[in-house]
Each structure stands twice: as structure tokens, then as C-alpha cells.
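Letter by letter, the chains look like this.
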Amino acid sequence: MTDVTNATISTRGKRRARRNSSDRTWTFYVLAAFFAFYVIALYGPMLSIYILSFQDLRGGLVFPMRGFSLYWFNELIMQTRAGDVSGSFTRSIYLAIAVTVITVVFSFMAGMAFRRRFRGDTIVFYLMIGSLVAPGLVLGIGIGLGFDMAGIPTNWFTSALGAQLSWTLPFGILVMFAVMSRLNSDWEEAARDLGASRAQTIGLVVLPVLAPGLIAVALFGFTLSYDEFARTLQTAGAQNTLPLEIWSMTLNVTSPALYALGTVSTVISFLIIGVSLGSIILLQRRNAARKNISE
Amino acid sequence: MKLNKTAVGWLNVTPLLAIMVPFFIMPIIVVAIASIMQTDGFGGMFMDPTLENYTYVFQSALTYRLYFETIKFAALTLIFSAFIGFWVAYFLVFHVRSKLLAMGLFLICTVPFWTSNIIRMISWIPLLGKEGLINQALMAMGFIDAPLEFLLYSDFAVVVAYVHQLTIFMIVPIFNSMARIDKRVVEAALDAGASKFDIMRYIILPMSKSGIALGAIFVVSIVMGDFFVVKVMSGGGTASVVGAFYEDIGVLQYPSAAASAIVLTILVMLMVALILRVVDIRKEITQ
Amino acid sequence: MGTGNGDIELAGVTKSYDGETFAVDGINLKIPDGAYCCLLGPSGCGKSTILRMIAGHEDPTHGEILIGGEDVVGLDPVERRTAMMFQSYALFPHLSVRDNIAFALRVRGLSKAERNAKADAMIEKVHLTEFANRLPSQLSGGQQQRVALARAAITEPRVLLLDEPLSALDEHLRIKMRAELSRMQRDLGITFIHVTHTQMEAIALADMVVVMDQGKIRQSGPAREVYAEPKNRYVAEFIGGQNVISGKVSYINGTRATMAGATYSNIEIPLANGKRLEDGQSLDIAIRRDDIDLVRAGGDLPDGSTSVEGAITGVEYQGTFVKVMMEAAGEEEFVAYVPERRFFEESLSIGDRVLAIWQIDHAHLLA
């Protein structure tokens, strides 16, 4: 009896081994090469402008490097040119923070609503999809004209804020759907069963469970706003946000200062990613630490 | 004390609607109204309902050329990004054995998404330009004598920039739908004697369809609504639908720009609706 | 036994989600204080809905739910003093075992020291002291179940509601935790209502078994009564351990009658006290599988017994007995549980024609 079982296991093991080794046929190597090529094409150009932003004063927009300097970064700050780089930076950051906060709160609420079917939910859902796919500049023009008709001046913290939310909110809600699919409604019922009020259920159970997902939504909100162009173009009013500043530079600046701006902007992006990922890891490590105490 | 489900639902989406109504519905209505108004030629508009702006849009040969160009870019971008996205996701899900490694490689693909699109587009300039890295390299290796002109400020450059920006929108949903495929289904098919091609055709492709559709919604709506990439990367040689009415606005031709905007919006919505027939997006995302 | 007010009464309770079909259809049920009651039925029979209505997670469309004589419809779970243990256990994934168990005390505003002291006492009761700081994901299924039980019990409920509490466990653990549930119920002395689709689980645990089907109660009573004296074909077949034979009354003679069907003609049945039968009346009878003896066709019948002939279609060795499946009396699966020694004396095998014999008085007439 045991002999028979062993025999079956060993032939099965052999077959498994053969199948596994046959996985690594030419398809694996072709796809691995394809993947590597994709990653190089993804990062290569970006790396090249980060390097070129340290171009020497004598250097131009292309390789070779004529020496390393911080000249073009300095020029950004010195504002020797027309334009307001540091002002647009500050505005973009403030705007992105406002968009992030509103996106997280509103899409959390909407996400909670969409967990259950309710009368009219389909209308709201497709309204949201419509807002997501509508051409950004069309909405921008409409908002700009609308403010104009109503006699309200457009401004980056009013009309542009709303214009950006019409894009970040649907996006945030779609991400929130994915986040909330991991929220088991039994947890909320258990909390209610144990005497928690609605607020306690959200504060003590729902939010802590969803925390990593909410950080992800925040990251989306921040990035989408920080990078938003089409909807902001006609709604930002007199003062530029960073992408608008970059846009005007691409049209009339032909020096590596443009690359320097790209480098600075990317550094900010990476700082934000770092902080977000860091806080997610911190949350998880706190849980892991508990395990260590108990062992 | 207990509210009914519908009331709670609407209460929770109220903040969302408070944004959607003034910043999505109203602007569309405003543009629609503007599209039937007339211009006094000095940037002012007056109300005297007319469909002239639409007849102008539809009678202009330029319109058809613009739509042809824009749809061409959307289609090319869709094809390339779906192709790359599909094989990248397939590699990560089915060929990388360690889950941790697959997740790590997946993150590597997503990081650039968090950086500025505009910067990523500009970053192709020092590579593709006449004196760019690619031309320098090809000449140094003796493949060509004169720099290739078509690399930058061309349709080629536009498609490269779009694909570079948007492939991520394909990878993420396709990766998600492939990750949901039970590996045992593939093994069962192998046991039943299916070839690699059969497995691709009958299992993986049908089961990744929804991911591809979801990605296509993003790619199509973004390319159709864009004018920035075309303007910069084509070097001004090619126009786009949005680019054209942005220029109309520059010269204060609001009504004709508005008519063109409405036509484009309807077209994009129709395209998305067509894709939505393939995939129940709501079911897809909440899974 | 009991705290004196954990008795439950359901009066005309109905639940409909769409206004047309009824998940629960006019249920009347009384569960005495301190009882261990099992709601038994296939999935979708409405048993979980009843549990959730008693817990206060759903409201009945019509009818009253009384706990300790007081109508609780519309009250919060806490006000009802019920506690529920979820099928998934619903342990909060971000909280340690101690924090999970202390959750109810925390939302009541007890100080940290106070609630931890109480939680630790409860943790000790369920033998989880060394795991107090672990997260639920770091526990085994059995340990998770004990945490869920402790978390529900710490609210000092008068009724504990358990939704398929053993279904997530493997067979071995299920039998172990079954005993633990029983012990816990005796210790706490409160009413337990336990929803399950497993007959053996219900029979092993319950003082009172309620068999349900399509939103209705088919039979309720002590476990032995439901097992040995099913009221109808549904209960007999669902609880199992019975052979059900359909036929028509062909002859009535004082205390006995004869029943005939398409493939047999002379099964004798008892006419128990006051049962009135008429000639030609359709009838179902049930005979316990372990009341049946098998002899080769052509053998003699002992006094006071009756039989039906059939062919053996399958044999399963079960250790203490042998399960013999046969085609007989128009039933595709007529089963006899033959004691092991007895079976091997006869040395029967598949294809043999045999007589299934039972004492006439052991047959049980179904409604």
C-alpha cells in the first residue's frame, strides 16, 4: 500500500519537474527580454534628463555633458527669466494637498455608498465615469466660461480646484472600489453587535482596516492633481500651477533649465511616494511588532 | 433613527454630486449653450440660437482631417499599449515564479506613473532629437550616415510619447484580471492536452478581456482629449481636435470651439459606451 | 439553569426582500431559556435569516420577536442582550486577540486597565493566554473560533447566536470544537441558537432541533424525537438514517394494515394509536436503517416482521457496521446498516438478491 503511494508520488513529482523545466523554454527568455526592454524604455529617457539637468553652462539640450554644475537649478530659483517657478511650485503643492484631502474624504463616503445597491446608484456611477472620460480641456473651457458668465473670477484655489476634483474624484472612487472589496461587511456587523455606534464602527474598525488603501487613494489624489494640465489650463486664472509653468517653458525655453525643473518636480514626486509607502510600511510593521512581542 | 438604504446611499454620494454638478454637468451645459450662440467677432457672444457653428464644423474638411489624425493616434496608442501591457502582465503573472519578485517588478512598472507626464514626455527630446542619443549612437556604430529626421517632431515621436505615458493604464488592469485566473485551470488544460497557443486563445485571452477593456477606456479617453503631446512632440506639424479648438479660443472664437468640443465629447462618450458593452466595469472593479 | 430571561418566542415572523418571495415564511417558535437550539436546514432555507433577525441585523417584514417576553423588533443588538458569532468569525484583522475580546468594553467606555483585566480573565477561560498579543491572522482556525466565542461572551448576553460556527474547520477539529461549544454553553448557562446544515452536528449538540425548508419549519423538538420519529418525508430524508417507502394502503386488519407499491405488494405496517387509514390511501413510511436486517432471498421471516426484496447495489465498510445499499421498494437507495459481524456471517456481495427485514412495529408512519 505505502509502496504504491510512494510510486505515485514520485512519478507525479517527475512529471511536475518536467513541466516546470519546460516552463523555461524560449517563451520565458523572449518575454524576459521584452520586459527588460520595456523597463529600460520606461526609465531611460527620464534618467537622461535628470543627468542633463546637471549640464554645464556651456552645454546644450542634448548629450554630451560638458561638465557638471548646478547652474540651471540656480537659474530656476533666481528667476532671471519671466515666470514664477517657485510660486507655481507652492501653489501646486497647496492645491494638491487640498485635492488630496477632499478626494480621500469624498471618495471614502462614495465608496461606502456604492457597497450597497441603492435606488439611482447606476446614474451616479455613470455620471462619475462620464466625468472621468470627458475631454479635460472641454470641461476646463466650460468651467472657465461658466465662472465668467456668473461674474466670478477664475482662480487656482476655486475653479481649478473644482476642475481637478472632477477628474481625481472618479479616479479615487475607482481605486476605493478595489480597496473596499477587501472590507468584509461582517466586521461592521460584528462591531454593531458588540455595541459600537455608527461612528465608533467607522473610527475603530473601518478606517483602521482600510488605512493602507486610503493612503493609496491619497497618493493618487496628490499625483493626479500635482500633474494635472488639461483641466487646469483654462481655470487657473492669473497665476500658474507647476504643470502650466512647465508647459509655457516647453514652448519658449530652450535651455537645460527645463530639465532642471523636471528633476526638481520628480524629486518632489518621489518624496511623496516615499512618505506614502513609508507610512504604509510603518502601519504594517507596527502589526508585525506585535507578533514579536508575543513570541 | 434608522434611515433607509436609498437615503443613506444618496447622503454618502452628496459630496461627490456637489463636485460633479458644478464641475462636470454645468460646464458641459455651458459649452452646449455656447455652441449655439453667435460671436460678435471681438470675443463677445450673444444669444441668437443657431446651428451655424455645427454646420461649420461638419462642412470643414479640416474637421475630418483632425478627427482622422486624432483617431489614428488613439488607435495606434491603443494597439501598442495593449500589446506591451498584455505581454508585460503575462510575463509577471505566469512566468515570474516568486510572488514577491512579481510584485516588485510590477511596482517598478508603476513608479513612473507617479511622476509628471509632461516631464516624461519632454524626456524623449534629448534621446530622439537630431543630435539626440539614438542618432549619435547609430551614427557612431556606422548604421547611418545622416541623422534620422523622423525620430523627433513626427507622428512617430507622438506615438512613442503616448505609449510611454499610457501603457501603465493597460498593465494594471490586465495584471489584475490575469492574477485572478486560477493557475489550476491552466494545469487542467495542459493535462487535457492543450497547446500553449490553445491556452492563450481559450483561457488567458478571454479572461483578460475585461482588463484590456478597462485599460482601453483610459487610453482612448486620454488620447482623444489630449493636445499637449501632439503639439510638442509633432513639433507643430500635426494638429489635433482639442488643439484646434484650443487655438479657436486663443482667438476668442468661443462658439465654434464650443461646437467642436461638444462633437468631440459625444464621440468620446460613444467610444467609451462601446467599450463598456464588452465589460461590466462596475462588477469588474468591485470584485 | 439560565439567567431567567433568555427565552425566545417568534410569532408569525416573515421576511421578504422583494415583497414576492419569502425567505422566512410565517415562523412560530418557542425556545426555552438556557436551551441549546439548532436551526437545521439546507442553504437558503431561511435559518440564517432567522438568526440575523433575532440578532437585530435584519428586521422582520411581519411578526414579533420576543426575548424574555419583551418585543425586541427595532432594538439594537446591545439592547437585546444578544451576541452573535459569525460564520467567518469576523475578527477585526487589525486588533490583537486581547483588543478583539475587549472591543465591546472599549465602546462602552471602560478604562484600558479595566477592560484589559476583564478581557484577560476571558482569555484565560478559553485557554488563549499565550496568544493574547497575536493578530487573528496568526492563529489557527480553532483558536480563531475561541476568540470569536470569547468576544461574544464578554458582553454577558442572554442569548448567543452562532452562524455555522464549525463550517470553517476541518473534520477532526470540528468534532473537538463541538464538545467545546457544548461545555461553554453549560458553563455560561445561556440560550444558544446554532445554525447549521450538518445533521450530525445538530443531533449531537442540541436540546432542541428545528428542521427548516423553504422558509418554513418542518419539525421541531428534542434531537431524539426528530431523529427517531420524523413527521414527514422531508425531515426523514434530510435528517437521514431512514428509509422512506411510498405506497398505497391495500388492506386493513385491526392493528395492522398492508401497503403495496409498484414493485412490491405486501409490506405490513402498524396502525398506531388513533391513526386512521383508509383503503387506497397514499402513504409514506420510514424505517431506520439500523433496524433492518438482511437475509438471502427465500429465507424465513421472524415473527412480527415484514420485508421487501431487492438487489444489493453497493457495500461500504464503515468499521462498526456495514452500509449496504440496495434497490428495493421502488427506492433507488434503500440502505441497511448491518452490524459488522452479522454482515460477514452472511457474506453478501453486490448483485445478490436479499430480503430486507424489519419488525413491523419499528416502521414509522409519516404525515
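Residues numbered from 1 in each chain as written. Chains lettered and ligands numbered in written order. Predicted model: local features only at pLDDT ≥ 70, side-chain atom pairs only at ≥ 80, totals over all residues. Heavy atoms only, no water.

The secondary structure content of chain A amounts to 12 helices and 0 strands. Mapped from its N terminus to its C terminus, chain A presents α and β elements in the order α-α-α-α-α-α-α-α-α-α-α-α. Counting over 295 residues, chain A shows a buried share of 53%. Once local pairs closer than 6 in sequence are excluded, the contacts in chain A between residues at least 24 apart make up 71%. Here chain A displays about 13400 Å² of accessible surface, and carbon together with sulfur accounts for 66% of that area. (Helix = DSSP H or I, 4+ residues; strand = E, 2+ residues; numbered from the N terminus. Buried < 20%, exposed > 50% of the residue type's maximum accessible area, 1.4 Å probe, protein only. Contact = heavy atoms within 4.5 Å. Areas by Shrake-Rupley, 256 points an atom, 1.4 Å probe, with all protein chains shown as cover.)

What follows covers the domain arrangement of chain A. According to the domain assignment, chain A contains domain 1 (16-72) and domain 2 (83-252). Each of domain 1 of chain A and domain 2 of chain A has a C-alpha centre, and these two points are 33 Å apart. (Domains from an automatic or database assignment.)

Residues and elements named next belong to chain A. The full count for this structure, using the stated rule, is 25 salt bridges over all chains. Of the charged contacts in the structure, one is a salt bridge between Glu188 and Arg115, with a shortest N-O distance of 2.8 Å. Note that Glu188 is positioned in helix H8 (residues 185-193) and Arg115 in the loop between helix H4 (85-114) and helix H5 (121-133), a separation of 73 residues in sequence. A relative accessible area of 16% places Glu188 in the buried class. With relative accessibility at 29%, the residue Arg115 sits in the partly exposed group. (Salt bridge = Lys/Arg side-chain N within 4 Å of Asp/Glu carboxyl O.)

Counting residues at the interface gives 22 residues for chain A, matched by 29 residues for chain C. At the boundary of chain A with chain C, total buried surface from both sides reaches about 2200 Å², with 60% on carbon and sulfur atoms. Remark: the boundary between chain A and chain C carries 1 salt bridge. One salt bridge connects Glu189(A) with Arg52(C), and the closest N-O pair in it is separated by 2.6 Å. The interface formed by chain A and chain C contains 7 residue pairs in polar contact (both at pLDDT 80 or more). At the level of elements, H8, helix H9 (198-226) and helix H12 (257-294) of chain A are the ones that each hand at least two residues to the side of chain A that touches chain C. No other element matches H8(A), which puts 7 residues into the side of chain A that touches chain C. (Buried area = accessible area lost by both parts, 1.4 Å probe. Polar contact = N/O pair within 3.5 Å; in protein donor to acceptor, adjacent residues only side chain to side chain.)

Turning next to a negative patch on the surface. A contiguous patch of negative charge on the surface is contributed by Asp7(C), Glu9(C), Glu64(C) and Asp71(C). Along the chain, Asp71(C) turns up in strand S5 (residues 70-71). (Patch = residues over 30% accessible without salt bridge, like charges linked within 9 Å, V, L, I, M, F, W, Y side chains within 5 Å. Lys, Arg positive; Asp, Glu negative; His and termini not counted. Charge placed at Lys NZ, Arg CZ, Asp CG, Glu CD.)

Counting residues in hydrophobic clusters, the biggest one holds 268 residues, and the most contacted among them are Phe171(A), Met178(B), Ile204(B), Met233(B), Phe245(B) and Phe103(C). Contacts of Phe245(B), omitting those with residues within four sequence positions, involve Leu137(A), Val138(A), Ile141(A), Ala257(B), Ser260(B), Ala261(B) and Leu264(B). (Core = buried A, V, L, I, M, F, W, Y, C linked by side-chain atoms within 4.5 Å.)

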